[in-house]
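Geometric and topological summary
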Amino acid sequence: MDPASAERAKRAAAEFATALVEDGMRLGLGTGTTMRHVVDLLGARMRGGGLSIVAVPTSVRTAEQARAQGIPLDESDVLAPLDLAIDGADEVERGTRRLIKGHGGALLREKIVMEASRRFVVVCDDGKLSERLGTRASLPVEVARFGHGATGRRLAELGGAPSLRVGDDGAPFVTDGGNLIYDCPGFRPLGDPFTLDRRLNAIAGVLAHGLFLAPVERCMVGHGDGRVTMLPG
Ligand code: A5P
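A brief look at the structure comes next. Computed from a predicted structure; not experimentally measured.

Conventions used here
Residues numbered from 1 in each chain as written. Predicted model: local features only at pLDDT ≥ 70, side-chain atom pairs only at ≥ 80, totals over all residues. Heavy atoms only, no water. Pairing = 2+ DSSP bridges. Helix = DSSP H or I, 4+ residues; strand = E, 2+ residues; numbered from the N terminus. Contact = heavy atoms within 4.5 Å. Axes fitted to C-alpha atoms, helices over the stretch in contact; angles between N-to-C directions. Near = heavy atom within 4 Å. Polar contact = N/O pair within 3.5 Å; in protein donor to acceptor, adjacent residues only side chain to side chain. Nonpolar A, V, L, I, M, F, W, Y, C, P; charged D, E, K, R; others polar. Buried < 20%, exposed > 50% of the residue type's maximum accessible area, 1.4 Å probe, protein only.

Here we take up the sheet that holds strand β9 (residues 163-164). A sheet is described by the order of its strands in space; here 4 strands give the open sequence β9-β10-β8-β11, paired in antiparallel fashion. Here the strands that pair on one side only, and so sit at the sheet edges, are β9 and β11 (206-209). Of the strands in this sheet, β8 (139-143), β9, β10 (180-184) and β11 are in contact with helix α5 (residues 148-157), which crosses β10 at around 20°. Against the sheet, helix α6 (residues 193-201) makes contact with β8 and β11, and its axis sits at roughly 160° relative to β11, the strand it touches most.

So this is what it looks like as structure tokens:
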């Protein structure tokens, strides 16, 4: 998809998602280029009047953008229950609406926000869809800094072929929470994601992995021509 069509697809999906946002909601805001459209659109709606919300951002990037758009934020660590969370995804398995997330480096916070929310919806472009999870995206795993080499060895033993994520400057990428990420292309294709979920969660140094296996209420998929399709249809 060319860049202009990709942006059109993301914008279209974001428009559908923001239509779910109602006055008075406590809203979880995910991270990524599709979510940037959601935040822009919410800011415009708030400035237009008639919408008052409080948002919990999943990253410093999203927080900065939301603040610039005049969206009030709740950044206390308490994280009171949310009415709705909207987030992007790196891969969506069409039939199950299971996800791989975390290529933007915000997976631990995204998972916490998803779990704190009564409803969770996803916005993406159609390039994220797959018939089988693990076809399009490798699996990121967020790990504690302490002993991360040992954690990496455990991921290697499981077959993840982990590599420590590095930033543009060549130094290890550090998440907003001060953690590290191992990208694990070796887990592709994913055989049984639930078994992998259990095995990864059993490693002490693993804080979160990018498998989001709980059912997503709805996935809004934007297409390059501006159409949006819904999963489930
Ligand atoms: C962030 O950590 C990821 O989970 C994002 O949701 C993901 O990378 C989607 O980003 P785009 O909307 O830019 O594709």
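Structure shown, so let's carry the discussion forward.
Attention now moves to the sheet that holds strand β14 (residues 228-231). Pairing is mixed across the open sheet formed by 6 strands, whose spatial order is β2-β1-β3-β6-β13-β14. In the strand order of this sheet, the two ends are held by β2 (54-57) and β14, each with one partner. The average undirected angle you get between the axes of adjacent strands in this sheet is 20°. Bridging between strand β6 (residues 120-125) and strand β13 (residues 218-222) involves 5 bridges; their strand directions are parallel. Bridging from a neighbouring strand, Val123 pairs with Met220 of β13.

Turning our attention to the site of the ligand. Not every one of the 16 residues close to the ligand is listed here, only the nearest: Thr33, Thr34, Asp90, Glu110 and Lys128. Interatomic distance of 2.4 Å between a side-chain N/O atom of Thr33 and an oxygen atom of the ligand. Within the side chain of Glu110, a nitrogen or oxygen atom sits 2.8 Å from an oxygen atom of the ligand. Looking at the shell around the ligand residue by residue, the class counts come to 2 nonpolar, 9 polar and 5 charged.

As a further point, take α6. Those residues of α6 lying buried are Pro193, Thr195, Leu196, Asp197 and Leu200. In this fold, the buried residues of α6 make contact with β8, α5, β11 and β12 (211-212).

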